[in-house]
Structures are given as structure tokens and as C-alpha cells.
Amino acid sequence: MSICLTCDAFCARMKKAGGDILIVQYTDPPISYEKVTNKRKMSQVHYHHQHELYYLVSGETKYFVGEEIFHLFPGDFIFVPKQVIHQTDSENCLHNERILMSFEDSIFDDETRPLLEMVSKCKLVRIPLSKAYLVRDLLTKLQIETNREDPYKETLMKLYILELLALLCRLR
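Residues numbered from 1 in each chain as written. Predicted model: local features only at pLDDT ≥ 70, side-chain atom pairs only at ≥ 80, totals over all residues. Heavy atoms only, no water.

Caption draft 1: Just the environment of Arg-126, in detail. Within the secondary structure layout, Arg-126 lies in strand 11 (residues 124–126). A relative accessible area of 42% means that Arg-126 is categorised as partly exposed. The spatial distance from the C-alpha of Arg-126 to the C-alpha of Asp-76 is 4.6 Å, given a sequence separation of 50 residues. If sequence neighbours within four positions are ignored, Arg-126 has contacts with His-71, Phe-73, Asp-76 and Leu-171. (Helix = DSSP H or I, 4+ residues; strand = E, 2+ residues; numbered from the N terminus. Buried < 20%, exposed > 50% of the residue type's maximum accessible area, 1.4 Å probe, protein only. Contact = heavy atoms within 4.5 Å.)

In C-alpha cells form, the structure reads like this:
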């Protein structure tokens, strides 16, 4: 199981799937972490074969998930279940920084599957300022693991993603 984690190493192929919907296929990674700055709009509605967790660091954006529209502010998380069409649009926001994490169903077992079910129901989570340090700590751990090359990297990435999902369920 390989993990593709840095912006340079993050490999995605986009294939036109008829109409204006794109299927975004990741080349392999069961878990990925990517930090993106100043990309203002995904021009087409698309979907992935993996779940996506989007964290807005700065700026503002609208996020279209299925038939719902969310207005995100710094500190907000949005969960996009796999195979659900979505699009982001930062409109007039000139600076937008976000962190994208994607992961497959394989990170879940019977004990942790309820986390997936809960974040699928409550897609938007606003982190209270008093709890922001908890999120920052986990995102820092994920960032550190992206640069490691050892046999424990994938295990820790999986655990940190699960811990982040549990925290989001708690704070929703």
C-alpha cells in the first residue's frame, strides 16, 4: 500500500466521464494529504473514488456537495463522501489556503466505521476557536508523516485520520 503525500508527489489523473462531470482517480494512495494555496475554483463538477476531507486554513469558499451548498470560513471542515459530486468556488477571495485529505474505506474496521457514518451525515464541522489547537496538532502530525519514509508511516497516517474524524464527530 503506497501513500502519495506531497504536492509534488500527489498524482491524480482526471478523465472526462461525459458531460461536465469528472472522475478523479488517484493513482494509488489509500491516504493522502495535500496543502493548496490560491487555487480559486475547481472549474467542473467532479467526484472521487475516495472520501475527501477538506480543511479551510484561510480565506472563504463555497463548497457544493451533492445537492447541498456550504459557505466555509477558516477553521471549517467539509467531508465529501466517495462518489458524491462536488465543486469548490472561492469567488472573489484572493487568498485561499486549504488542506485536502483523501482516504479509502480500507482505513475503517467494524469499530471505526461509525465515524464514517457520522461525518457522512454532518458534512460541515465548524471548529470552535477554543478547540482549534487540537486540529492543528493533528494536521501537524499528518504533515510530519508525509515526509517520513519508514514502516510506520502508513499506520500513523491511518490513526491520525481516524483520530481527526473522531474529533470532528465530537465537535459537530
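Caption draft 2: A look at the pairing of strand 6 (residues 61–65). Covered by surrounding structure in strand 6 are Thr-61, Tyr-63 and Val-65 only, the residues Lys-62 and Phe-64 on the alternate face being uncovered. Bridge analysis of strand 6 against strand 7 (residues 68–72) gives five bridges, and the strand direction is antiparallel. Across the sheet, residue Phe-64 finds its bridge partner in strand 7, namely Ile-69. The turn linking strand 6 back onto strand 7 is made up of two residues, and Gly-66 within it adopts a positive phi angle of 60 degrees. Sheet topology places strand 6 next to strand 9 (residues 86–89); four bridges connect them, and they run antiparallel. Note on strand 9: the bridge partner recorded for Val-65 is His-86. (Pairing = 2+ DSSP bridges.)

Caption draft 3: Representation of the pairing of strand 10 (residues 97–103) within the structure. Strand 10 sits mainly inside the fold: seven of its seven residues count as buried. Burial along strand 10 is two-sided: the residues Glu-97, Ile-99, Met-101 and Phe-103 and Arg-98, Leu-100 and Ser-102 are all buried. Strand direction decides the pairing type here: strand 5 (residues 51–58) and strand 10, joined by seven bridges, are antiparallel. Across the sheet, the residue bridging to His-51 is Phe-103, located in strand 10.

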